[in-house]
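# Coordinates in review
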Amino acid sequence: MPKTQLQRARAGEVTPAIERVAERENRDVEFVREQVAQGQAVVPNNHAHESLDPMVIGREFATKVNANIGNSDETSDLRGELQKLHTSVHYGADTVMDLSTGSNLDAIREANVAHSPVPIGTVPIYEAVKRVDDPADITHELLLDVVEKQAEQGVDYMTIHAGVRMEHLPLTDGRKTGIVSRGGSILAQWMEENGMENPLYAKFEELCEIFAEHDVTVSLGDGLRPGCLADAGDDAQYAELETLGELTRTAWDRGVQVMVEGPGHVPMDEVAANVERQQAVCDGAPFYVLGPLVTDVAPGYDHITSAIGATEAARAGAAMLCYVTPKEHLGLPDETDVRDGLAAYRIAAHSADVANGLPGARDWDDALSEARYAFDWRRQFDLALDPERAREFHDQTLPGDNYKEARFCSMCGVEFCSMRIDQDARDADGEMSAIDDETDLDASPAAEVNRPPVGTHDTERVPDEIEIDGVTFTPESHADD
Ligand code: SF4
């Protein structure tokens, strides 16, 4: 049986995936291998995912961003899902979770795996629910079947809400918003109706055998995460976390790569403590957080409320951030929401990487700043986190080619452009020639930075034409593709 990245790293092997990851992160291969061997980082890499470009998730590496896509009973079509995959990778998602709960689940999952250069994650309990009339009818065998089939299809990581236990359920009684995780609420209902322990907890060792066989990374879901500030840090959340620590060690003992998921809704001043507690309880396993949202009062803007919490979480050591879109709590996100959510989260991830002193992270900022001060508008657009939007906004008022080297933009106008005024003043003092030398873009170390030094902002890896069973899908192109 092929071994997992964890088992191979423990044996001292530098796998091709680890070599690739080291190259992408500009880190020493032996350092990457050690981090994986110690469980401090994961390289999600199902043996069957042939189109994957491996990446690493761990607190010592660039903070990663996940985008959720997927259909629902209200919106189900294969082409639409491939379009969302394309959009997600285009705007910089490092991993994509297919959370489909509508029809055509197998075809959508297989198409996503076949065409995705980034790891694909799923939540298998969703498919199990679709296969029965009543969620209480889910059996242990059905759950194992679903997980095994998805592992064979090439899913790289799976959220398993194995930490929600019967003894934890009474702890949620006094909550303002109860159990808000979809998986957590389904499993709580199952336990109450069957009077039995969570089947994912009861069968966790058998699940680990499947994960190890296919090298599926288990992402231990936080089914009791708080759904509002009032419920943050309560006994239910931390009781589940203790179980997640226990399950982390069980999975590691069986050679399975592990991530641990975290909240949710957390006041700003408690975010860092949440991360530190997870790192202590789960022995440094990579922390994968949803947001967290730092206030409950801004539906319609929860990509912002959560990106604030996500920045703080990444600053404190979270390894991957699950994006939240403006539609959170309100509806299924469309493509514009995916773009806005990803931009917010890539800003959060990069800001934390700069603050944490990740090697090379600030080069990107320096390169853009130099282009900005040199009024090199084209280079500024190219270096922008969302080049298309930067160009579009600039060109709304100054569209002509002649404005691409103009020493002002329409924000302050030519008379009040502070950078022009500053440069003219320095020029008068004879300082500008020295500054020009210092900011020679070609001579600057930052000149090599034509894109984020780490990360996956490479859309060409998702082809526009995709053929499945003799049918060609051509996702609509983005305006500037
Ligand atoms: S006009 Fe204002 S915003 Fe525009 S380049 Fe000059 S200083 Fe910057």
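It should be emphasised that the depicted structure is a prediction, and the values quoted were computed from it without experimental measurement.

The rules behind the values
Residues numbered from 1 in each chain as written. Predicted model: local features only at pLDDT ≥ 70, side-chain atom pairs only at ≥ 80, totals over all residues. Heavy atoms only, no water. Helix = DSSP H or I, 4+ residues; strand = E, 2+ residues; numbered from the N terminus. Buried < 20%, exposed > 50% of the residue type's maximum accessible area, 1.4 Å probe, protein only. Contact = heavy atoms within 4.5 Å. Areas by Shrake-Rupley, 256 points an atom, 1.4 Å probe, with all protein chains shown as cover. Core = buried A, V, L, I, M, F, W, Y, C linked by side-chain atoms within 4.5 Å. Near = heavy atom within 4 Å. Nonpolar A, V, L, I, M, F, W, Y, C, P; charged D, E, K, R; others polar. Expected span 1.5 Å × (residues − 1). Pairing = 2+ DSSP bridges. Axes fitted to C-alpha atoms, helices over the stretch in contact; angles between N-to-C directions. UniProt positions renumbered as here; feature names shortened; annotations may be inferred.

Looking only at helices and strands, the chain features 20 helices and twelve strands. Among the 481 residues that make up the chain, the fraction classed as buried is 58%. Looking at the chain alone, contacts between residues at least 24 apart form 74% of all its contacts between residues at least 6 apart. On the chain, roughly 19,900 Å² of surface is accessible, and the fraction owed to carbon and sulfur atoms is 47%.

Here the focus is the nonpolar core. Within the largest apolar cluster, 99 residues are counted, with the highest numbers of intra-cluster contacts made by Ile-160, Phe-204, Phe-211, Val-218, Leu-321 and Tyr-345. Dropping the residues within four chain positions of it, Phe-204 is found in contact with Ala-162, Val-218, Leu-220, Leu-247, Thr-250 and Ala-251.

The next point concerns the site of the ligand. Taken together, the residues surrounding the ligand are Phe-375, Trp-377, Cys-409, Met-411, Cys-412, Cys-417, Ser-418 and Met-419. A per-class count over the shell around the ligand returns seven nonpolar, one polar and no charged.

Take helix H11 (residues 235-253) next. End to end, H11 covers 28 Å across 19 residues, agreeing with the expected 27 Å (1.5 Å per residue, within 8%). The buried fraction of H11 amounts to 14 of the 19 residues, a majority that puts the element mostly inside the structure. Positive backbone phi, approximately 80°, marks Gly-255, located one or two places after H11.

Let us now look at the sheet that holds strand S3 (residues 64-69). Within the closed barrel, the eight strands sit side by side as S3-S4-S5-S6-S7-S8-S9-S10. Their pairing is parallel. The average undirected angle you get between the axes of adjacent strands in this sheet is 25°. Inspection of the sheet shows strand S5 (residues 120-122) paired to strand S6 (residues 157-160) by two bridges, in the parallel sense. The partner of Thr-122 across the bridge, within S6, is Met-158. Against the sheet, helix H14 (residues 335-355) contacts S3 and strand S10 (320-322), and its axis sits at roughly 160° relative to S3.

Next up on the list: the UniProt feature "binding site: [4Fe-4S] cluster" (unreviewed entry) in the chain. Cross-referencing UniProt, the feature "binding site: [4Fe-4S] cluster" (unreviewed entry) maps to Cys-409, Cys-412 and Cys-417 in the present numbering. Tracing the backbone shows Cys-409 in the loop between helix H17 (387-397) and helix H18 (413-416). Residue contacts for Cys-409: discarding those within four places in its chain leaves Trp-377, His-394 and Leu-398. Along the chain, Cys-412 falls in the loop between H17 and H18.

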